[in-house]
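# Structure at a glance
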Amino acid sequence: MTRGRGIRRSAALAVALGLGLSGSLVAGPAGAEEKEGPSVRWGTCPEDVAAEAAPVVLECGTVPVPKDYADPDGGRIELMISRLASTDPDKRRGTLMLNPGGPGGSGLSQPAFLANRGIPSEVLDTYDVIGMDTRGIGRSAPVACGFTPEGPYFANIPPYAVDDAAVTARAKVVKKVAEQCAERDEDGVLPHLTTANTARDLDRIRAALGEERTSFLGYSYGTALGAAYASMFPERSDRIVLDSNIGDTHLDRDGMRRFALGVEQTFPDFARWAAARHDSYGLGRTPAEVRRTYFTLAERLDEKPVDGFDGGMLRQITFSFLFKEVQYSKLAQLWQTMKSGGDSKDLRTLVARSGPADQGDGTADTPPSLDNQLSVFLAVSCNDVKWPTSVDTYRKGVAEDRARYPMFGAAAANILPCAFWPYARAEKPVAINDDGPRNILLVQNLRDVPTPHVGGKLLRQKFADRSRLVSVDDSGHGVYVYGDNPCALNTTTRYLVDGKMPKMDAFCPAG
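Report follows, based on the coordinates. (Residues numbered from 1 in each chain as written. Predicted model: local features only at pLDDT ≥ 70, side-chain atom pairs only at ≥ 80, totals over all residues. Heavy atoms only, no water.)

The next thing to look at is the sheet that holds strand β9 (residues 467–475). Strand pairing in a sheet relies on backbone hydrogen bonds, with the paired strands running either antiparallel or parallel. Strand order in this open sheet of 10 strands is β1-β2-β3-β5-β4-β6-β7-β8-β9-β10, and the pairing throughout is mixed. What marks the edges here is a single partner per strand, and that holds for β1 (43–44) and β10 (506–508). As paired elements, strand β2 (residues 59–66) and strand β3 (residues 76–84) share 8 bridges and run antiparallel to each other. Bridge pairing links P66 to R76 in β3. Sitting on the sheet, helix α3 (residues 110–117) is in contact with β3, β4 (94–99), β5 (127–132) and β6 (214–219), with an inclination near 95 degrees to β4. Along the sheet, helix α17 (residues 454–463) makes contact with β7 (237–243), β8 (440–447) and β9, crossing β9 at roughly 175 degrees. (Pairing = 2+ DSSP bridges. Helix = DSSP H or I, 4+ residues; strand = E, 2+ residues; numbered from the N terminus. Contact = heavy atoms within 4.5 Å. Axes fitted to C-alpha atoms, helices over the stretch in contact; angles between N-to-C directions.)

Structure (structure tokens):
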């Protein structure tokens, strides 16, 4: 392996994220409301899941679901789920299903991940907490397009396009990526990876668990899944918490472009942090100087990459490291190394120290393979909604966002394989259903890279009186348990345990 490829492999692990990082309304195709399925037979979890969950002990089982809900008597796929059961029958209310985000994040160990991170014991008493690998992920009929860190497609976020020619060149790459996915789809699963179908899977899991209703806690893209479930099956939804919202039941081009807004809104927090530590890192004595350092380094690497580490990769890694303040020191160290002319070995070491586990987007410590993550992200995102097919549309969008959001706009607006996706959409995106119980608590930081605050406001408007929005004066991706704001923690716990929804939208000051 060349030194450049070594950096590429390390950087891929750091930036291969989706959402933080996702039918028409109601039941959708025939078969979505079949008779209740078989009960789950619980047993031990796979060794790696058990090791990751330790010291918490989880149970695992499988639930069969139709591969194609339009043909429910056709082929089946098996979904693996996990359970951290309540040990207090007097307090147990039901089940709390989890989703860590993505699409493409494994959730089998998420119940233990939250327990180990300190989720209040009252929540664990109130629910059997259910994790899962949703369709296409990990141990649930996994898909793979054959992506590698050394290949041209190694991150869900497009590379920064320095000019129109870069968009044109990227279009050729992603067209081949779309064709590659179709060629490798031997089991015919890819076209059936949609948010609507995954929501239908949730209802099959609910039935298999013997529950009339289910509660749900979803992070990032998991908010799209939770919004879809609450819209398609409002009478079967219990207490729904959607944390770090993308703004709808799917990720579309507008949602992707909001990543750049998130960078612009969040970066000042890092800039203030770095400016206060100028004597240690030398990145600028004021936030404005730190911002200039960003552009100076990126432009320098655009002109002269260091063994494959270019300006686009710097922008991607900065995007990733802004997810949580705990990563600021690593980002500052990386910038310091580049600013002082450090060699590729130093860069590889620094990048390798921070992988997807550090992004704080609700994913478990050990994610699915890079190939699996990227493939699921593409399939769900491209199948859910119609994307523009004209390269000129993306060139125009990149030029607009490069000016509007200079830090990251020319990356977030760049062209995706969805422009050339070979599968026809089976149904329209799930429409938000505001006719149902008032049971949806939206939790959102004011500053969040992949899911800026506007995502929570959008979903609040769409769900109307079914929902309440808790806005948190904090920075980072993930609020409940992943953040450290006492007001947000208490408000969400109170709702999950006692069902006490805020009477009005609420604001949590910095803790």
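A large share of β6 lies buried, amounting to 6 of its 6 residues. Side-chain alternation along β6 places T214, F216 and G218 on one buried face and S215, L217 and Y219 on a second face that is also buried. As paired elements, β4 and β6 share 4 bridges and run parallel to each other. From the neighbouring strand, L96 faces β6, where its bridge partner is S215. Both β6 and β7 contribute to a ladder of 5 bridges, which runs parallel. Bridge assignment links L217 to a residue of β7, and that residue is V241. On the question of chirality, the crossover connecting β6 to the parallel β7 by way of helix α7 (residues 221–232) is right-handed. (Buried < 20%, exposed > 50% of the residue type's maximum accessible area, 1.4 Å probe, protein only. Right-handed = clockwise from strand over helix to strand, strands pointing away.)

What follows covers the layout of surface pockets. The rolling of a water-molecule-sized probe over the atoms marks out the regions of remaining empty space. By volume, the largest pocket is sized at about 400 Å³. Looking at the largest pocket, it is lined by 24 residues, and the ones nearest its centre are P159, Y160, D310, G312 and M313. With 5 residues, the single largest contributor to the lining of the largest pocket is helix α11 (residues 311–321). Broken down by class, the residue content of the lining of the largest pocket amounts to 15 nonpolar, 4 polar and 5 charged. (1 Å grid on protein atoms, 1.4 Å probe; cavity = no way out; pocket = protein on both sides within 12 Å on 5 of 7 lines; lining within 4 Å. Points joined across faces, edges and corners; volume = space filled by probe spheres on them. Nonpolar A, V, L, I, M, F, W, Y, C, P; charged D, E, K, R; others polar.)

By the definition in use, this model includes 18 aromatic pairs. Geometrically, the ring pair formed by Y229 and F233 is tilted, given 5.2 Å between the ring centres and 35 degrees between the ring planes. No difference in accessibility class separates Y229 from F233, as the two residues are buried. Pairing F270 with W273 gives two aromatic rings, centres 6.1 Å apart and planes at 20 degrees, and the pair type is stacked. Placement of the pair is F270 and W273 together in helix α8 (residues 253–275), with a separation of 3 residues, close to one helical turn. (Phe/Tyr/Trp six-rings, centres within 6.5 Å; stacked < 30°, edge-to-face > 60°.)

With that out of the way, let us pick up the state of the cysteines. Counting across every chain of the model gives 4 disulfides. A disulfide bridge connects C45 with C60, and the sulfur atoms are separated by 2.0 Å. As the torsion about the S-S bond is roughly 95 degrees, the C45-C60 disulfide counts as right-handed. Taken as a pair, C45 in the loop between β1 and α2 (47–53) and C60 in strand β2 lie far apart in primary sequence, 15 residues in all. In this structure, C45 and C60 share a single accessibility class: buried. Between C382 and C418 runs a disulfide, and the two sulfur atoms are separated by 2.0 Å. (Disulfide = S-S within 2.5 Å.)

Below, the discussion takes up the side chain of D243. Position of D243 among the secondary structure elements: in strand β7. Despite its burial, D243 remains without a salt bridge, the nearest opposite charge being carried by K324 at 7.8 Å. Among the polar contacts listed, one links the side chain of D243 to the backbone nitrogen of V479, at a separation of 3.0 Å. In contact with D243, not counting residues within four places along its chain, are G218, Y219, S220, T223, V443, G478, V479 and Y480. (Lys, Arg positive; Asp, Glu negative; His and termini not counted. Salt bridge = Lys/Arg side-chain N within 4 Å of Asp/Glu carboxyl O. Polar contact = N/O pair within 3.5 Å; in protein donor to acceptor, adjacent residues only side chain to side chain.)

Moving on: the nonpolar core. Residues F267, F270 and W335 are the most contacted members of the largest nonpolar core, which totals 113 residues. With 11 residues, the top contributor of residues to this core is α8. Contacts of F270, omitting those with residues within four sequence positions, involve L283, V290, L322, Y328, L331, A332 and W335. Of all hydrophobic cores here, the second largest spans 35 residues; its members include L114, V129, L217 and V443. (Core = buried A, V, L, I, M, F, W, Y, C linked by side-chain atoms within 4.5 Å.)

Attention shifts here to unusual backbone geometry. Backbone torsion omega between A54 and P55 reads 10 degrees, so that peptide bond is classified as cis. Even without being glycine, A464 reaches a positive phi, approximately 50 degrees. Mapped onto the fold, A464 is located in the loop between α17 and β9.

Glancing now at the packing of α8 against helix α10 (residues 287–303). Close contact between α8 and α10 brings their axes to 8 Å; oriented N to C, the two are set at 110 degrees. Here α8 lies roughly perpendicular to α10, going by the angle between them. Between α8 and α10 the crossing geometry is right-handed. Along the contact surface, α8 presents E264, F267, F270, A271, R272, A274 and A275, while α10 presents P287, V290, R291 and Y294. (Parallel < 35°, antiparallel > 145°, perpendicular 65-115°, else oblique. Left-handed = near helix turned anticlockwise from the far one by under 90°.)

The next subject is the pattern of salt bridges. Applying the stated rule across the entire model yields 27 salt bridges. Between D302 and R315 there is a salt bridge, and its shortest N-O distance comes to 3.0 Å. Here R315 lies in helix α11 and D302 lies in helix α10, a separation of 13 residues in the sequence. One connected set of salt bridges, linked through shared partners, spans D203, R206, E235 and R236.

Keep in mind these values describe shape, not function.
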